[in-house]
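Listed here are the chains, written in short residue letters.
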Amino acid sequence: MSEWKGRTRGNLLGYKIFVLFIRYFGLRVAYALLRVVSLYFYLFAFKPRGVMIQFYNEHMGYNYFRSRFLTRINFYKIGQTLVDRFAFMVGRADILEYTFDGHQYLKQIADGNKGGMLISAHLGNWEIAGNMMKEKGLTKRSNIVMFDGEHEQIKKYMQKESGGPSFNVIPIKNDLSHIIGIKQALERGEFICIHADRFLPGSRTITLNFLGKPARFPYGPFHIASKYNAPVTFVFSVKQADYLYELSATVPMDGMQKPEVYAQAFVTILEEKLKAYPDQWFNYFDFFKMEDVA
Amino acid sequence: MSNQEVIEKINAFLVEEFEVDPSSIQPNNPLKETIDLDSLDYVDLVVVIENNFGVKLTGEDFKHIESFNDFYNYIIERVAVTK
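None of the values given here were measured: they were computed from a predicted structure.

Draft legend 1. Region of the structure containing the overall build of chain B. Summing up its helical and strand segments, chain B has 5 helices and 0 strands in all. When the elements of chain B are put in sequence order from the N terminus, they spell out α-α-α-α-α. Partitioning the contacts of chain B with sequence separation of at least 6, the portion at a separation of at least 24 is 64%. Surface summary for chain B: the accessible area is close to 4500 Å², and the carbon and sulfur share equals 44%. Within chain B, the 17 negative side-chain charges are centred at a point lying 10 Å from the centre of the 6 positive side-chain charges.

Put into structure tokens, the structure is as follows:
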């Protein structure tokens, strides 16, 4: 899984068009436009299409035609998650509804004084979860630890349109700053939200059995959870229907367990979610590649 | 805790916890290059310093640390402040 380069796909004009559609015509019309755009990507984005078909076919056991179908749906669904994200930013997300399984666990963490590690994956749409948590009264500040891979122009545009995201971003850098940032946020009793399914070449990883084959996962999120003694929960936000999300949080695991324990628990939940929502797996690279690219 | 005790304690955990070669621990040697820590080692370093000295590291302070000597002085100053 080391081929991920830390950059997001898409160009500024595309983002502007979608924000315009959402702002003036609403989500339904934006989704209609998205059907055309996602078809274009399905037809011409050869590499991610091939990767996804292979993933569904070889690793999830779907036949070839079902794998192609799931890939087509997958391209539409990732577009929907981006459109929904814009809709929240520009205040046009009132049509979206959600269920919340495990709200009490997040509340329990929020009421404690040790902060909490909310570990997720590129399955579904975490940013939507952040927005919906606030609507549910979980006002504890969230810090998202992420590779700062979005194009600068797009970031500036979204900042201008929306006033910026409703959470604090802790960018992963080559110095100590993000480690300190995470520690300080936990000491303030805040949430740390981090994805544990991608890593950059050279990072420390842990190899676990995933869908019956060995795959590498980043060691960092589990190591941090272990050392900084924060409760850990695995959080996912997946689309059940066009306008309905399902948020879920697992029973918190107490801090100070071994990183391997957290990692194994994460992979178990990730497999369950992936099997339930295969069309919302948004990792467009060979997840089972064992060696780093030089 | 005297300054010398702080230095000895730092050197001891660098050797024991981070497997740093004792002969490479020289006051003027560059800290980061010598001990060759990745970001997850920093996670451990932050915890070890806090547990041993009751000092909370801040990212901004740590950016100015170049040599072992800088590191010793930083911890010594912070220990003095927290007394």
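There is more to say after this.
Draft legend 2. Geometry of the overall build of chain A. In terms of regular secondary structure, chain A is built from 10 helices and 9 strands. Relative to its full complement of 294 residues, chain A shows a buried share of 54%. Of the contacts made within chain A by residues no fewer than 6 positions apart, 78% connect residues no fewer than 24 positions apart. Accessible area for chain A stands at about 13200 Å²; split by element, carbon and sulfur atoms hold 55% of it.

Draft legend 3. Representation of the side chain of Gln280(A) in the model. Residue and element names in this part refer to chain A. As for its position among the elements, Gln280 is in the segment after α10 (259-276). Among the residues examined, Gln280 registers a relative accessible area of 1% and is labelled buried. Beyond its immediate stretch of four places on either side in the chain, Gln280 contacts Asn74, Lys77, His122, Leu123, Gly124, Val238 and Lys239.

Draft legend 4. Region of interest: unusual backbone geometry. All names here are of chain A. Although it is not a glycine, Leu211 sits at a positive phi angle of roughly 55°. Within the secondary structure, Leu211 sits in the loop between β6 (205-210) and β7 (213-218). Within the chain, Asn229 stands out as a residue other than glycine whose phi angle is a positive 55°. Asn229 sits in the partly exposed class, given a relative accessible area of 28%.

Draft legend 5. Just helix α9 (residues 220-227) of chain A, in detail. Residue and element names in this part refer to chain A. Counting buried positions along α9 gives 7 out of 8 residues, so the element sits mostly inside the fold. Three or more residues of α9 are buried, namely Gly220, Pro221, Phe222, His223, Ile224, Ala225 and Ser226. Just past α9, the residue Asn229 takes up positive phi, approximately 55°.

Draft legend 6. Fine view of the pairing of β7(A). Residue and element names in this part refer to chain A. When β6 meets β7, the two strands line up antiparallel, connected through 6 bridges. Pairing of Thr205 across the sheet is with Pro218, part of β7. Linking β6 to β7, which pair antiparallel, is a turn of 2 residues; within it Leu211 sits at a positive phi near 55°.

Draft legend 7. Molecular detail of the packing of helix α1 (residues 12-25) of chain A against helix α4 (residues 64-89) of chain A. Residues and elements named next belong to chain A. Interhelical geometry of α1 versus α4 gives an angle of 60° and a closest axis separation of 10 Å. Classified by the angle their axes make, α1 and α4 are oblique. The hand of the α1/α4 crossing is right-handed. When α1 is examined against α4, the residues Tyr15, Phe18, Val19 and Ile22 are found in contact with a partner set consisting of Leu82, Val83, Phe86 and Ala87.

Definitions and cut-offs
- Residues numbered from 1 in each chain as written.
- Chains lettered and ligands numbered in written order.
- Predicted model: local features only at pLDDT ≥ 70, side-chain atom pairs only at ≥ 80, totals over all residues.
- Heavy atoms only, no water.
- Helix = DSSP H or I, 4+ residues; strand = E, 2+ residues; numbered from the N terminus.
- Contact = heavy atoms within 4.5 Å.
- Areas by Shrake-Rupley, 256 points an atom, 1.4 Å probe, with all protein chains shown as cover.
- Lys, Arg positive; Asp, Glu negative; His and termini not counted.
- Charge placed at Lys NZ, Arg CZ, Asp CG, Glu CD.
- Buried < 20%, exposed > 50% of the residue type's maximum accessible area, 1.4 Å probe, protein only.
- Pairing = 2+ DSSP bridges.
- Axes fitted to C-alpha atoms, helices over the stretch in contact; angles between N-to-C directions.
- Parallel < 35°, antiparallel > 145°, perpendicular 65-115°, else oblique.
- Left-handed = near helix turned anticlockwise from the far one by under 90°.

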